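# Residue-level structural notes
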Amino acid sequence: MRAPQWRMSLIIGLFALLTACATAPPPEAATASPQHGREALAAAEAFDFSSLAQMVATSDLVIRGRVTETRPSRIVGAEPTPHELESEYSAGSGMRLEEVVIDVEAILHGEPPGRPVVVEVDGWWMSNEERVVLEDQVGFDNGQEVVLALHQKREQFDEPRFALVGSQGAFLLDGPRVMQTKRTDDLVRAIEQWGTQRLLSEVEAASLAAGKGMVTPLPRPSMRAASPEAEG
């Protein structure tokens, strides 16, 4: 059923930034990288950045850090009462998010309300406990060094939570190298050729430019844009 898959991936792609749905206790099972062994689904992006400076200016926070933990998180998009699903990709099935805990090594832009930083990413379909993997999504493993461009979530939580500004906003470091990923975005592919030191320098320069009003951030989309009725 292609249509339900497309509609669900559109909604989930925006949930990672804008969710305000029901919660439930996380399972105790250990997690694995969301890139491993799953078929990717296409998803709509909330932002399409034309430059790193624009990405930084639009972000609440850009950090360099190391992944210390990945763990199951809350459920979003689930119906409040049990029901029979039309398919495993039905919008009513909901999804469990994953929390990626980052030990912050350097703040490149903005200021976190606390440390470590907790980032919510796509997790599992609740209908069959299978991984949600979106095209151009980066997976996170414990010990991985990263540079992340983030938005702080506006919902009320016991601790602040963040979301990636989009698939363009995550870079994996391997010493002096920025690791190559399967992402096809032209901006991302260009940045992945820079190396770690240039990436850090460019982010810091972009943060200074944004602080002086020299770069215009993109407007943050409203929740209405994530609804099926708003798809046009």
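Use the structure listed above.
Described below are features of the structure shown in this document. For clarity, every value in this text was computed on a predicted model and none was experimentally measured. (Residues numbered from 1 in each chain as written. Predicted model: local features only at pLDDT ≥ 70, side-chain atom pairs only at ≥ 80, totals over all residues. Heavy atoms only, no water.)

## Side note on the pattern of salt bridges
A side chain with one charge may pair with a side chain of the opposite charge, provided their charged atoms come close. Note the following rule: Salt bridges are defined as contacts in which a side-chain nitrogen from Lys or Arg sits within 4 Å of a carboxyl oxygen from Asp or Glu. Secondary structure counts use DSSP, requiring at least four H or I residues in a row for a helix and at least two E residues in a row for a strand, with both numbered from the N terminus. Under the scheme applied here, a residue whose accessible area is under 20% of the maximum for its type counts as buried, over 50% as exposed, and between as partly exposed, the area being computed with a 1.4 Å probe on protein chains only.
Here the structure, examined in full by the defined rule, presents 17 salt bridges. We note a salt bridge from Arg66 to Glu145, for which the minimum N-O separation is 3.6 Å. One end of the pair, Arg66, is in strand E1 (residues 61–78); the other, Glu145, is in strand E4 (residues 145–152), with 79 residues separating them in the sequence. Overall, Arg66 belongs to the partly exposed group, its relative accessible area being 33%. Close ionic contact of Arg161 with Glu120 constitutes a salt bridge, the shortest N to O distance being 2.6 Å. On the criterion of sequence distance, the pair formed by Arg161 in the loop between E4 and strand E5 (162–164) and Glu120 in strand E3 (residues 117–125) is long-range, its members being 41 residues apart. Under the relative-accessibility criterion, Arg161 is labelled buried at 15%. Classification of Glu120 as buried rests on a relative accessible area of 1%. One salt-bridge network, held together by shared partners, links Glu69, Arg71, Arg74, Glu99, Glu120, Lys153, Glu159 and Arg161.

## Observations regarding the packing of aromatic side chains
Each aromatic ring pair is characterised by the separation of its centres together with the angle its planes make. Stated precisely, the cut-off is as follows: We call Phe, Tyr and Trp rings a pair once their centres come within 6.5 Å, taking the six-membered ring for Trp, and we label the pair stacked below 30 degrees between planes, edge-to-face above 60, and tilted otherwise. For a ring to carry a charge above it, either NZ of a lysine or CZ of an arginine must fall within 6 Å of the ring centroid while also lying within 35 degrees of the normal to the ring plane.
Per the stated rule, a full pass over the model turns up one aromatic pair. Aromatic pair Phe47 and Phe49: ring centres 5.4 Å apart, planes at 20°, arrangement stacked. With relative accessibility at 5%, the residue Phe47 sits in the buried group. Over the face of the ring belonging to Phe171 we find Arg183, whose NZ or CZ atom lies 5.4 Å from the ring centre.

Remember that the coordinates give geometry; whether it matters functionally is a separate question.
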